[in-house]
Amino acid sequence: MEEKKKRHLAILGSTGSIGTQALEVVREQPDSFVIEVLSAHSNADLLLKQAVEFKPNTVVIGDESQYKKLKDTLWELDIKCFCGIDALAQVVEMESIDIVLTAMVGYAGLKPTIAAINAGKSIALANKETLVVAGELITKLAQEKGVNIYPVDSEHSAIFQCLTGEFENPIEKIYLTASGGPFRGKKRQDLLNVTKKQALKHPNWEMGAKITIDSATLMNKGLEVIEAKWLFGLAPKQIDVIVHPQSIIHSIVQFEDGSMKAQMGLPDMKLPIQYAIGYPLRLKNNFPRFNFFDYPNLTFEQPDKETFSNLTLAFSALQQGGNIACALNAANEVSVDAFLKGKIKFLDIAEINGSSIEKVTFVAHPNYEDYVATDEQTRIIAKELVG
Ligand code: NDP
Ligand code: MG
């Protein structure tokens, strides 16, 4: 890309698993990308290190207590520094930004993503929770503003890649692949006393703690089903989940003539990240290449929706519509946090999620304020259930 065609990026959540891998991509592709904004929640040391290397225009830290330390050093480097989620929502509107990579975790992604879409910025979306919470609002707004949302999630990137050149051809159904997580094949009885350490040991992917637990409970796949509905405009019955333990086929589209297209490659998030921020180009890179003989068997299984009931909850939230997916997300953020803090057991996560969405006030056609209220109400309900 020529100098003027370099993409100018804002990375929200630059210190996390996706954020640091995105910066690896940028480091390898200096002719294609420039960093305008970096942001984190509280990891000021890493954020500072990244700012020194990538020299963004602006840095935003969520945690106010870290602000002063960061500001003084960045000032000397002529880098602007702000703090708080409201500042983030303003910074993403900066004229110089082309693409906002939403790589923060959880509900916190909603507000800055809305601000970025309103400002006409392309979105490279890793923060799937945003679409789970408010998929209808986000996709409508993006359409109104003519904004593209490029998926970073490997499954959705796979579907997106399979759809290239097929925009006139309706999708019959999609198959989202799932590794099955560390507890694949286990039954409820086996999961009664599993520890946080066991749950955090994902077989194929190195990710942040929240999504790693979501993968172990299959909530991650549930969230991805909802994410897929909004990204690709599908009905729930057009979305299927298939367990594929090797994580080589990242997902599959089946068209109306029965033909199926799959996208495959080694499990490495740098590829979907690069595709999302570099679209439509396939930038040459040195990522390790797939070798068939390392994977002589690619296998497929049915997901066990009884043991991993979060997946059933996600489909049910899609069927119910309204604010239920938003409630499911909020309950899940509370229950996963409680599990990580040792307050509840592994199987309690799905129990609390299920009970919370039954208790929340149903809103059939939520607006932004309804989503905020649903999130707040569900967190209170779920925290009571945690005890
Ligand atoms: P991490 O926990 O590794 O990183 C989260 C990032 O968000 C960090 O930079 C963190 O800052 C920042 N952050 C956390 N809370 C807030 C907040 N309240 N406000 C602003 N920033 C915040 O998560 P991942 O990188 O694993 O995941 C990020 C998103 O991408 C999630 O939505 C996840 O579902 C999705 N995703 C991740 C994949 C992966 O492979 N990791 C794959 C597909 C999707 P700090 O470091 O200071 O805490
Ligand atoms: Mg995924």
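Refer to the structure above for everything that follows.
Keep in mind that what you see is a predicted model, and the values were worked out from it rather than measured. (Residues numbered from 1 in each chain as written. Chains lettered and ligands numbered in written order. Predicted model: local features only at pLDDT ≥ 70, side-chain atom pairs only at ≥ 80, totals over all residues. Heavy atoms only, no water.)

Per the secondary structure count, the protein chain includes 16 helices and 11 strands. The C-alpha radius of gyration computed for the protein chain amounts to 20 Å, which stays within 12% of the reference 21 Å derived for 387 residues, consistent with globular compactness. Each principal axis of the C-alpha distribution contributes one length, and for the protein chain these read about 60 × 50 × 40 Å. The 387 residues of the protein chain split such that 56% are buried. Of the roughly 17,600 Å² of accessible surface on the protein chain, 51% is carried by carbon and sulfur atoms. (Helix = DSSP H or I, 4+ residues; strand = E, 2+ residues; numbered from the N terminus. Rg over C-alpha atoms; globule rule 2.2 N^0.38 Å. Buried < 20%, exposed > 50% of the residue type's maximum accessible area, 1.4 Å probe, protein only. Areas by Shrake-Rupley, 256 points an atom, 1.4 Å probe, with all protein chains shown as cover.)

Ligand 1 sits among 23 residues. The nearest are T15, S42, N43, E129 and G208. E129 is positioned such that a nitrogen or oxygen atom in its side chain is 2.6 Å from an oxygen atom of ligand 1. Within the complex, 85% of the 910 Å² of free accessible area of ligand 1 lies under protein. Its residues placed into classes, the shell around ligand 1 shows 10 nonpolar, 10 polar and 3 charged. (Near = heavy atom within 4 Å. Polar contact = N/O pair within 3.5 Å; in protein donor to acceptor, adjacent residues only side chain to side chain. Nonpolar A, V, L, I, M, F, W, Y, C, P; charged D, E, K, R; others polar.)

Between helix α6 (residues 128-145) and helix α11 (residues 219-232), whose axes approach to 8 Å, the crossing angle comes to 20°. With respect to α11, the element α6 is oriented roughly parallel. Viewed along their axes, α6 and α11 form a crossing whose handedness is left-handed. Contacts between α6 and α11 involve K128, L131, V132, G135, E136 and T139 from the former and N220, L223, E224, I226, E227, W230 and L231 from the latter. (Axes fitted to C-alpha atoms, helices over the stretch in contact; angles between N-to-C directions. Parallel < 35°, antiparallel > 145°, perpendicular 65-115°, else oblique. Left-handed = near helix turned anticlockwise from the far one by under 90°. Contact = heavy atoms within 4.5 Å.)

So, about the pairing of strand β5 (residues 99-102). Each regular strand displays side chains that alternate between the two surfaces of the sheet. Residues I99 and L101 point to one face of β5 and V100 and T102 to the other, with burial holding for every one of them. Inspection of the sheet shows β5 paired to strand β6 (residues 122-125) by 4 bridges, in the parallel sense. Residue pairing across strands places I99 opposite S122, the latter belonging to β6. With respect to chirality, the unit in which β5 leads through helix α5 (residues 110-118) into the neighbouring parallel β6 is right-handed. (Pairing = 2+ DSSP bridges. Right-handed = clockwise from strand over helix to strand, strands pointing away.)

Further remarks concern the side chain of T378. Structurally, T378 can be placed in helix α16 (residues 368-386). Among the polar contacts made by the side chain of T378, one reaches the main-chain carbonyl oxygen of T374 at a distance of 2.6 Å. T378 has contacts with A327, A330, A331, S356 and V360, leaving out every residue within four places of it along the chain.

What follows covers the sheet that holds strand β4 (residues 80-83). Strand order in the open sheet formed by 7 strands is β4-β3-β2-β1-β5-β6-β7, with parallel pairing between adjacent strands. Only two strands of the sheet have a single partner each, and these edge strands are β4 and β7 (149-151). Each neighbouring strand pair of the sheet contributes to a mean axis angle of 20°, computed without reference to strand direction. One ladder, built from 4 bridges, connects strand β3 (residues 58-61) with β4; its direction is parallel. If you follow I61 over to β4, its bridge partner there is C83.

In this section: the coordination of the magnesium ion (ligand 2). Distances from the magnesium ion (ligand 2) to its protein donors, namely D153 (OD), E155 (OE) and E224 (OE), fall within the range 2.1 to 2.2 Å. Sequence spacing of the donors to the magnesium ion (ligand 2): D-x1-E-x68-E. (Donors = N, O, S within 2.8 Å, 3.2 Å for Na, K, Ca; no water.)

Counting along an α-helix, one turn takes 3.6 residues, and residues three or four places apart therefore face a common direction. Counting buried residues in α5 gives 7 out of 9 residues, a clear majority hidden from the surface. Taken together, the buried positions of α5 are L110, P112, T113, I114, A115, A116 and I117. Those residues of α5 that are buried lie in contact with β1 (7-12), α4 (85-91), β5, β6, α6 and α16. Looking one or two residues past α5, G120 carries a phi angle of roughly 80°, positive in sign.

No statement about biological role is implied by the geometric values presented.
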